[in-house]
Amino acid sequence: TLSFTHRFQPGSATGAAPLLLLHGTGGDENDLLPLGATLSPGAALLSPRGQVLEHGMPRFFRRLAEGVFDEDDVRRRALELGEFIGEARRHYGIAAPVAVGYSNGANIAAALLLLQPQALAGAVLFRAMVPLNQPPAVKLARTPVLILSGLTDPIVPAANAAKLCNQLIDAGADVTHTTLPTGHQLSQPDIALARDWIAGLP
Ligand code: MLT
């Protein structure tokens, strides 16, 4: 058995990158399957459940307070997620996935990009923030990353999203950052932008 509780839906369209779906705090492996099917119809979907519990709510790493992260735990959990991706790729015979993460799921995807640059083929980060203040020097081979932020997001200050953007650009990612007139919740334009961006991946 694989190391994370997860759901897997095999792909039907040839050529579409598998999506790695990473839920927000309090979500689980079922939540983002409909979103994944909307964003990339026919793509294989791999959806793990975060292994940390905060008052019973699954997450992908520990935090000390909202927006204040236990960075040692971020590192450890990101590497565990990287191992799971490797296991799942062998088990299901899929290519390196494009992560689609929301909130806490976007933050672990950002950490994975900054710690294991070969784990992901790309990433859509909804409402992401800086997961590691001092990431190691890694080389992302122009990995495509779409960051979608909310202008009135009370959890992610604009400067924090901009810092994440710069960290990823410094590491070599090919970053597109768009800020939408919304809060922390996903909006319809998030879905449309992410779908078009995924459709345009090489
Ligand atoms: C986090 O803890 O990753 C962020 O505060 C986002 C959240 O999950 O609320």
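Participant: Just checking my understanding: could you explain the packing of aromatic side chains for this structure?
Facilitator: The geometry of an aromatic ring pair is captured by two quantities: the separation of the ring centres and the angle between the planes. In the structure shown here, the tally under the stated rule is 3 aromatic pairs. A ring pair is formed by Phe4 and Phe84, whose centres lie 5.1 Å apart and whose planes are at 40°; its orientation type is tilted. With a gap of 80 residues between them, Phe4 in the segment before strand 1 (6-9) and Phe84 in helix 2 (residues 71-92) connect regions that are remote in the sequence. Measuring from ring centre to ring centre gives 3.8 Å for Phe8 and Tyr92, while their planes differ by 10°; the resulting arrangement is stacked. Of this pair, Phe8 sits in strand 1 while Tyr92 sits in helix 2, and the two are 84 residues apart along the sequence. Look at Tyr92 and you get partly exposed, because its relative accessible area is 28%.

Participant: In this structure, what is going on with helix 5 (residues 188-199)? I would like to understand it.
Facilitator: The α-helix winds at 3.6 residues per turn, so residues separated by three or four positions along the chain end up facing the same way. The terminal C-alpha atoms of helix 5 lie 17 Å apart, and with 12 residues this matches the ideal 16 Å at 1.5 Å per residue to within 8%. Looking at helix 5, one finds that the buried residues are Asp190, Ile191, Ala194, Trp197 and Ile198. All buried residues of helix 5 fall inside an arc of 135° around its axis, so they share one side. Exposed residues on helix 5 whose side chains face more than 90 degrees from its buried face are Gln188, Asp196 and Ala199. The elements touched by buried residues of helix 5 are strand 2 (19-22), helix 1 (33-39), strand 8 (98-102), strand 9 (122-126), strand 10 (144-150) and strand 11 (174-180).

Participant: Looking at this structure, I do not really get the sheet that holds strand 2. What am I missing?
Facilitator: Hydrogen bonding along the main chain pairs the strands of a sheet, whether they run parallel or antiparallel. On the basis of which strands lie adjacent, the open sheet formed by 7 strands has the order 1-3-2-8-9-10-11 and mixed pairing. Two strands bound the open sheet, and with one partner strand each, they are strand 1 and strand 11. Averaged over all pairs of adjacent strands, the angle between their axes in this sheet comes to 15°, without regard to strand direction. Relative to strand 3 (residues 45-48), strand 1 is paired through 4 bridges, and the arrangement is antiparallel. Bridged to Gln9 within strand 3 is Leu45. Contacting strand 1, strand 2 and strand 3, helix 2 crosses the sheet at an angle of about 140° to strand 3.

Participant: Help me understand the site of the ligand in this model?
Facilitator: Around the ligand, the surrounding shell consists of Thr25, Arg59, Phe61, Arg63, Gly67, Phe69, Ser103, Asn104, Asn107 and Ile155. In this structure, an oxygen atom belonging to the ligand sits 2.9 Å away from a side-chain N or O atom of Asn104. Contacts to the ligand include Asn107, whose side-chain N or O atom sits 2.8 Å from an oxygen atom. Burial of the ligand by the protein chains amounts to 95% of its free accessible area of 260 Å². When atom positions are compared with the pocket grids, the ligand is found to occupy the largest pocket.

Participant: I keep staring at the pairing of strand 8 and nothing clicks. Help me out?
Facilitator: A regular strand places its side chains on the two faces of the sheet in alternate fashion. Summarising burial for strand 8: 5 of the 5 residues are buried, a large majority. Neither face of strand 8 is exposed, since Val98, Val100 and Tyr102 on one face and Ala99 and Gly101 on the opposite face are all buried. Of the strand pairs in this sheet, strand 2 and strand 8 are connected by 4 bridges, and their pairing is parallel. The residue of strand 8 that forms the bridge with Leu20 is Ala99.

Reading the values: rules and limits
Residues numbered from 1 in each chain as written. Predicted model: local features only at pLDDT ≥ 70, side-chain atom pairs only at ≥ 80, totals over all residues. Heavy atoms only, no water. Phe/Tyr/Trp six-rings, centres within 6.5 Å; stacked < 30°, edge-to-face > 60°. Helix = DSSP H or I, 4+ residues; strand = E, 2+ residues; numbered from the N terminus. Buried < 20%, exposed > 50% of the residue type's maximum accessible area, 1.4 Å probe, protein only. Expected span 1.5 Å × (residues − 1). Arc of directions from axis to C-beta. Contact = heavy atoms within 4.5 Å. Pairing = 2+ DSSP bridges. Axes fitted to C-alpha atoms, helices over the stretch in contact; angles between N-to-C directions. Near = heavy atom within 4 Å. Polar contact = N/O pair within 3.5 Å; in protein donor to acceptor, adjacent residues only side chain to side chain. Areas by Shrake-Rupley, 256 points an atom, 1.4 Å probe, with all protein chains shown as cover. 1 Å grid on protein atoms, 1.4 Å probe; cavity = no way out; pocket = protein on both sides within 12 Å on 5 of 7 lines; lining within 4 Å. Sits in = over half its atoms within 2 Å of the grid points.

Geometry only, nothing functional implied.
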